[in-house]
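Below are the chains, spelled out letter by letter.
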Amino acid sequence: MRSKRIYNIKTFIYNNKIVTLDQICNEFKISKSTIRRDIQDLLSSDKRFKKIYGGIKLDSENSSVPFNERKITNAENKILIAKKAAELVKDNDIIFIDFGTTVLNIVDYLKHIKNLTVITNNLEVIYKTINYENMNVISLSGVLDRKNLSLLGASSANILKTFNISKCFMSTTGLSVTNGVTDLSALESEIKSMAVIKSKMVVLLADKSKFNCISLQTYCNLNQIHKLITDEMPPDDIYSHLKENNIDILVIK
């Protein structure tokens, strides 16, 4: 029970970046004495978090969270976003699916598509496609990134350069007007940038937690995407910029 609560507290802090003790108490209906003990255990076991006066925060906005942890954060909305994205895929399409946790779920909604080619370096996507004989799967080469369950490296971007892609389905760790669409890893960003360049349609999948967050490296500008699929209407600055560039905003609910 306690270990589950600490895990839920960790997820709450990760989603909100900085939280006060009062916010945690209100969210989980527990006393301050209890939350202090939980926070102490969290800090000693996970160096991504740092104690501040009256609360706790992520030690850095660029803290890297393992793929399996990110996959269950806001999982329900991520599935709905992916389902919406899958509606854009047509027979004979050649699509690229990157290595984010939101785009992973697209595969489950493509079993009716005929002669579909899927290009990816996401190992979870490759594993999912085993069950679907309608999908021709092309795996990019690279070095195994166990933490993110992906294949990374310059060779991936070079191979991707040779393909003509109908649609790419992209994830992000942050998007903003000033810094565009960003990612934590330089190697990931190189592959993502190439996918954007080679695709006729760029579809960005991002839940509300990504709005106005900035990560290490920009892999494309906001005006390079064609559609944003999300779970909440973006803040005014992002919304205005997207509309000025005739970019579709698809909100799942």
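Details of the structure are given in the entry above.
Residues numbered from 1 in each chain as written. Predicted model: local features only at pLDDT ≥ 70, side-chain atom pairs only at ≥ 80, totals over all residues. Heavy atoms only, no water.

A. Quick peek at the pattern of salt bridges. Here the structure, examined in full by the defined rule, presents nine salt bridges. Close ionic contact of Lys32 with Asp22 constitutes a salt bridge, the shortest N to O distance being 2.9 Å. Of this pair, Lys32 sits in helix α3 (residues 32-45) while Asp22 sits in helix α2 (residues 21-28), and the two are ten residues apart along the sequence. Judged by its relative accessible area of 40%, Asp22 falls in the partly exposed class. Three or more residues are tied together by salt bridges with common partners; here these are Asp98, Asp183 and Lys192. (Salt bridge = Lys/Arg side-chain N within 4 Å of Asp/Glu carboxyl O. Helix = DSSP H or I, 4+ residues; strand = E, 2+ residues; numbered from the N terminus. Buried < 20%, exposed > 50% of the residue type's maximum accessible area, 1.4 Å probe, protein only.)

B. Highlighting the nonpolar core. If you look at the biggest cluster of nonpolar residues, it comprises 28 residues, and the most contacted ones within it are Phe96, Leu160, Met170, Leu204, Ile225 and Leu242. Those elements that provide at least two residues to this core are β9 (165-170), α8 (186-198), β12 (199-205), β13 (217-220) and α9 (236-244). Of all the elements, α8 adds the most residues to this core, at four residues. In contact with Ile225, not counting residues within four places along its chain, are Val202, Leu204, Cys220, Leu242 and Ile247. The next biggest cluster of nonpolar side chains, apart from the first, holds 23 residues, and it includes Ile106, Met135, Leu205 and Ile229. (Core = buried A, V, L, I, M, F, W, Y, C linked by side-chain atoms within 4.5 Å. Contact = heavy atoms within 4.5 Å.)

C. Structural context of the side chain of Lys192. Tracing the sequence through the fold places Lys192 in helix α8. With relative accessibility at 0%, the residue Lys192 sits in the buried group. Lys192 has contacts with Asp98, Phe99, Met170, Ser171, Asp183 and Tyr219, leaving out every residue within four places of it along the chain.

D. Layout of the sheet that holds strand β1 (residues 18-20). In space, the three strands of this open sheet follow the order β1-β3-β2, with antiparallel pairing throughout. This sheet does not close on itself; its edge strands, each paired only once, are β1 and β2 (49-52). Strand after strand, the sheet turns through a mean of 20 degrees between neighbouring axes, direction not considered. For β1 and strand β3 (residues 55-58), the ladder comprises three bridges, and the chain directions are antiparallel. The residue bridging Val19 from the neighbouring strand is Ile56, located in β3. With respect to the sheet, α2 is in contact with β1 and β3, its orientation differing from that of β1 by roughly 80 degrees. Helix-sheet contacts for α3 involve β2 and β3, and the interaxial angle to β2 is about 135 degrees. (Pairing = 2+ DSSP bridges. Axes fitted to C-alpha atoms, helices over the stretch in contact; angles between N-to-C directions.)

E. Main features of α8. Its 13 residues place the ends of α8 19 Å apart at the C-alpha level, agreeing with the 18 Å of an ideal helix rising 1.5 Å per residue. Those residues of α8 that sit buried are Glu188, Ser189, Ile191, Lys192, Met194, Ala195 and Val196. (Expected span 1.5 Å × (residues − 1).)

F. Representation of the packing of α2 against α3 in the model. Contact pair α2 / α3: the axes reach a minimum separation of 10 Å and the direction vectors enclose 105 degrees. With respect to their mutual orientation, α2 and α3 come out roughly perpendicular. From α2, Leu21, Asp22, Ile24 and Cys25 reach across to α3, where they touch Lys32, Ile35, Arg36 and Ile39. When the residues that make up the contact of α2 with α3 are grouped by side-chain class, the tally is five nonpolar, no polar and three charged. (Parallel < 35°, antiparallel > 145°, perpendicular 65-115°, else oblique. Nonpolar A, V, L, I, M, F, W, Y, C, P; charged D, E, K, R; others polar.)

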